[in-house]
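For reference, the chains in residue letters:
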Amino acid sequence: MSKNLAQKLIESHLVDGKMEVGETIGLRIDQTLTQDATGTIVMLEFEATGLDRVRTKLSAQYVDHNLLQEDYKNPDDHIFLRTASQKFGLWYSAPGTGVSHPVHMERFGIPGHTLLGSDSHTPAGGSLGMLAIGAGGLEAAMAMAGEPYHIKMPKIWGVKLTGKLPEWVSAKDIILEMLRRHNVEGGIGKIIEYYGPGVDELSAMDRHVIANMGAELGATTTVFPSDQEVKRFLKSQGREADWVELRADEGCSYDEHETINLSELVPLIAYPSSPGNVVPVSEVAGREIFQSYIGSSANPGIRDFVIPALILDGEKIHERVSLDINPSTRQVLIYLTVNSYLSKLISAGARIHQAGCNGCIGMGQAPATGRISLRTTPRNFPGRSGTKEDSVYLCSPETAAASALTGVITDPRTLKKKYPQFREPSEIIISKTGLLPPLADTSKIVIEKGPNIQPLPKFESLPNAITGPALLKLGNDISTDEILPAGARVLPLRSNIPAISKYTYYQIDEKFYERALPYQKTGFFVVAGENYGQGSSREHAVIAPKYLGLCAILAKGYARIHRENLINFGILSLVFENMDDYDTIDQEDILEMPSVKKELEQNSAFTVVNQTKNLTYKMLCPLNSKEVQMILTGGRINFIKHKTQ
Ligand code: SF4
């Protein structure tokens, strides 16, 4: 029977389960990717397994998020991650080497391999024909330990690309078009597979842009074929031997299907504060901007910097604008320097930053209050930029450069300029600087833990009954940035749960920590709408609320990775059987789950009594038997310990 590419990738790594939509399947994981913001906890979790070395074909630990060194905390983490990587047999990517996803694509990505990453944009690896999935840190630690990764078999969504991109329209506009059509929930429970003649028009790095931001659709992952373009890319990286051809069989079918005619696309933009708020740039043109930010894993290719350099060549940016250039990798930075593109940007007035995530995750470059920041990054969730009342728009490098020039949001087609022609080069200076390979003999390596590295808190097993307030009532699409923010103030606390918990739900309620403390021992609830926990994979958005006493969430729906994280840390992710019940709960209502443990043991529906309103709700929480045990014992770490005792 003919198969699509996603089915082939899954089948070649299937260790248990049936490939039927909704069935739980186990996948063998070839490679893992961890970054520093999630990686310190991953390393502590891996250490807790007692294993001396990772069991994967390749694991890489990147330092790309926490690059600011305001005090000892981030450098402490860097040393911890380097020594832990050397101890456990991982590659280590030092600060300044670049953002994990493009560096992984340059150095390690292999068509046909599986990649599990504790970063939600790991699907970017799909640009090379990998099955690359973002997950929580504990899932990554387990994959490093050789455990299969379990998910529900997703639907496969075939997207046929036809036509050819018009001038001034680029890969970012393709993924923004997908978001315009389907919003931030459109990909939940699906793998997006791109195919068709339009794919031939896209470079491997263009495909990275699209696969990366498939995460914004909520998709499990995105896959592209491994074709001649992937071969060219790998050859340019000195890795042609890693190439294999991979594509869907002729006549294969998809669970869902759609077509995008590239020729019909126009420059698009996502207005604040969701990547799903997409409109043509022309609709918001003329709004005054404060900042134009180019970089991140959502536009990491050489062309994403060269095109703005050529647009700005010989010109000066508007005096009001801060044009911030954030090279994605050291290798890209070397190319831009050697070929004088960097000097064109600098001469035009750009500010150059180091290779890394930087302002994308609020580590510097925060915009001024109430001013528009135009960014080529993938996310514009409230406050992610580091400024609480921010106004971030997401766009292509073409739109960002055109707007830097004029000082207002500008449809790049209206510039009186010729569209610069540039394709990703096939010959580059390959840089491996900053990448430390795994050591054969690790016996002399000592893992160095500075004072910023605190042990994981211990969590109790589930009590028989829970009573507590609905301490927060939230709407739809609450992101992990809103649950536990990033940024220069909070990220350095990633290895210290008691300290970071002070910022739990801080973007929503600055007093939440104080309000939660009285319930730390007895527990509290949170009520939410659809797609709770979208965005970043950070498991701190689960561990910190858990540390404060969160025992169950009552929601209309969850983002996939966040729900996995909730289960891993023993929090019930309940779904309303009757969605109208959501409207009857107010913040501070006292809720009770009188038989929670018994109901979980029976894996039945749950009863929640609203004591304040004298109402009873039926809640669902479909779990497999292992997940039931994980929640009963207080989370996956306790579960593993119980099993091995
Ligand atoms: S989305 Fe931003 S913070 Fe996340 S990996 Fe990419 S560049 Fe880094």
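Residues numbered from 1 in each chain as written. Predicted model: local features only at pLDDT ≥ 70, side-chain atom pairs only at ≥ 80, totals over all residues. Heavy atoms only, no water.

1. Concerning the overall build of the protein
In step 1: On a plain count of helices and strands, the protein comes out with 22 helices and 27 strands.
In step 2: Oriented by its inertia axes, the alpha-carbon framework of the protein measures out at about 70 × 55 × 55 Å.
In step 3: Counting only residues that meet the buried cut, the protein has 64% of its 645 residues in that class.
In step 4: The contacts in the protein between residues at least 6 apart in sequence include a share of 78% that link residues at least 24 apart.
In step 5: Total accessible area computed for the protein in this model is approximately 22,400 Å², and 48% of it derives from carbon and sulfur atoms. (Helix = DSSP H or I, 4+ residues; strand = E, 2+ residues; numbered from the N terminus. Buried < 20%, exposed > 50% of the residue type's maximum accessible area, 1.4 Å probe, protein only. Contact = heavy atoms within 4.5 Å. Areas by Shrake-Rupley, 256 points an atom, 1.4 Å probe, with all protein chains shown as cover.)

2. Some points on the sheet that holds strand β1 (residues 14-16)
Each strand in a sheet pairs with its neighbour through backbone hydrogen bonds, running either in the same direction (parallel) or in the opposite one (antiparallel).
In step 1: Read from one edge of the open sheet, three strands run β1-β2-β8, paired in antiparallel fashion. In this open sheet, the two strands that pair with only one neighbour each are β1 and β8 (149-152). On average, adjacent strands in this sheet sit at an angle of 45 degrees to one another, irrespective of strand direction. (Pairing = 2+ DSSP bridges. Axes fitted to C-alpha atoms, helices over the stretch in contact; angles between N-to-C directions.)

3. Notes on the pairing of strand β24 (residues 572-576)
In step 1: Counting buried positions over the five residues of β24 gives four, a clear majority of the element.
In step 2: Bridging between strand β23 (residues 550-555) and β24 involves four bridges; their strand directions are parallel. Directly across from L554, in β24, lies its bridge partner L574.
In step 3: The β-α-β motif built from β23, the intervening helix α19 (residues 560-568) and the parallel element β24 has right-handed crossover chirality.
In step 4: Both β24 and strand β27 (residues 615-620) contribute to a ladder of two bridges, which runs antiparallel. For F576, the partnering residue across the bridge sits in β27 and is M619. (Right-handed = clockwise from strand over helix to strand, strands pointing away.)

4. Structural notes on the packing of aromatic side chains
In step 1: Tallying each qualifying case throughout the model produces 13 aromatic pairs.
In step 2: Between Y335 and Y341 the ring centres are 6.2 Å apart and the planes differ by 15 degrees, which places this aromatic pair in the stacked class.
In step 3: Judged by relative accessible area, which is 13%, Y341 ranks as buried.
In step 4: A connected cluster of aromatic rings, assembled from ring pairs, spans Y335, Y341 and F422.
In step 5: Sitting above the plane of the W157 ring, K190 keeps its charged end 4.9 Å from the centroid.
In step 6: Sitting over the face of the ring of Y293, R375 holds its NZ or CZ atom 4.7 Å from the ring centroid. (Phe/Tyr/Trp six-rings, centres within 6.5 Å; stacked < 30°, edge-to-face > 60°. Lys NZ or Arg CZ within 6 Å of the ring centre and 35° of its normal.)

5. Concerning the site of the ligand
In step 1: Neighbouring the ligand are the residues H65, V99, H101, D119, H121, S296, S297, C357, C360, I361, P378 and R384.
In step 2: Of the residues belonging to the shell around the ligand, the class tally is five nonpolar, five polar and two charged.
In step 3: A domain split of the shell around the ligand shows at least three residues from each of domain 1 (5-264) and domain 2 (268-412). (Near = heavy atom within 4 Å. Nonpolar A, V, L, I, M, F, W, Y, C, P; charged D, E, K, R; others polar. Domains from an automatic or database assignment.)

6. Focus: the sheet that holds strand β20 (residues 435-436)
In step 1: Ordered by their spatial adjacency, six strands build an open sheet running β7-β6-β3-β4-β5-β20, and the pairing between neighbours is mixed. Two strands lie at the open edges of the sheet, namely β7 (131-134) and β20, each paired on one side alone.
In step 2: When strand β5 (residues 91-93) meets β20, the two strands line up antiparallel, connected through two bridges. Looking across to β20, one finds that Y92 is bridged to L436.
In step 3: On top of the sheet, helix α2 (residues 36-49) reaches β3 (31-35) and β4 (58-62); it is set at about 115 degrees to β3, its chief contact.

7. Quick look at the nonpolar core
In step 1: In terms of nonpolar packing, the biggest core is built from 55 residues, with Y505, Y532 and I553 touching the most fellow members.
In step 2: One finds V284, I302, L312 and I372 within the second-largest nonpolar core, a separate group that totals 40 residues. (Core = buried A, V, L, I, M, F, W, Y, C linked by side-chain atoms within 4.5 Å.)

8. Considerations on unusual backbone geometry
In step 1: That bond from P272 to S273 is cis: its omega, -5 degrees, falls within 30 degrees of zero.
In step 2: In this structure, S273 sits in the loop between β13 (268-270) and β14 (278-280).
In step 3: Phi angles above zero are rare outside glycine, and N603 is one such case at about 50 degrees.
In step 4: With respect to the helices and strands, N603 occurs in the loop between α20 (596-601) and β26 (606-610).
In step 5: The residue N614 is not glycine, and still its phi comes out positive at about 55 degrees.
In step 6: Note on placement: N614 falls in the loop between β26 and β27.
In step 7: By relative accessible area, N614 is classed as exposed at 69%.

9. Examining the domain arrangement of the protein
In step 1: For the protein, the domain assignment lists domain 1 (5-264), domain 2 (268-412) and domain 3 (466-644).
In step 2: Relative placement of domain 2 and domain 3: their C-alpha centres are 36 Å apart.
In step 3: Contact residues are listed per partner, giving nine residues for domain 2 and 14 residues for domain 3.
In step 4: Buried surface at the junction of domain 2 and domain 3, both sides included, amounts to about 930 Å², of which 58% is carbon and sulfur.
In step 5: Ranking the residues of domain 2 by area buried against domain 3 places M363, F381 and K388 at the top, with a combined share of 48%.
In step 6: At the boundary of domain 2 with domain 3, the tally comes to two salt bridges.
In step 7: When the shortest N-O distance is used, the salt bridge between K388 and E510 registers 3.5 Å.
In step 8: Where domain 2 packs against domain 3, one counts four residue pairs in polar contact (both at pLDDT 80 or more). (Buried area = accessible area lost by both parts, 1.4 Å probe. Salt bridge = Lys/Arg side-chain N within 4 Å of Asp/Glu carboxyl O. Polar contact = N/O pair within 3.5 Å; in protein donor to acceptor, adjacent residues only side chain to side chain.)

10. Structural notes on the packing of helix α6 (residues 171-182) against helix α7 (residues 204-212)
In step 1: Two numbers describe how α6 lies on α7: the axes approach to 8 Å, and their chain directions differ by 25 degrees. Here α6 is positioned roughly parallel relative to α7, judged by the angle of their axes. Considering how the two elements wind past one another, α6 and α7 form a crossing that is right-handed. On α7, the residues that touch A171, K172, I174 and I175 of α6 are D206, V209 and I210.
In step 2: Of the residues in the contact of α6 with α7, the class split is five nonpolar, no polar and two charged. (Parallel < 35°, antiparallel > 145°, perpendicular 65-115°, else oblique. Left-handed = near helix turned anticlockwise from the far one by under 90°.)

11. A few points about the pairing of β4
In step 1: Of all five residues in β4, five are buried; the element is thus mostly enclosed.
In step 2: What you see with β4 is no split at all: L58, A60 and Y62 on one side and S59 and Q61 on the other are buried throughout.
In step 3: Pairing analysis gives five bridges linking β3 to β4, with the strands arranged parallel. Following the sheet pairing, T34 is matched in β4 by Q61.
In step 4: The parallel pair β3 and β4 is bridged by α2, and the resulting crossover is right-handed.
In step 5: Of the pairings in the sheet, the one linking β4 to β5 comprises three bridges and is parallel in character. When the sheet's bridge partners are listed, Y62 is paired in β5 with S93.
In step 6: Chirality of the crossover, the property in question, places the unit of β4, helix α3 (residues 73-88) and β5 among those that are right-handed.

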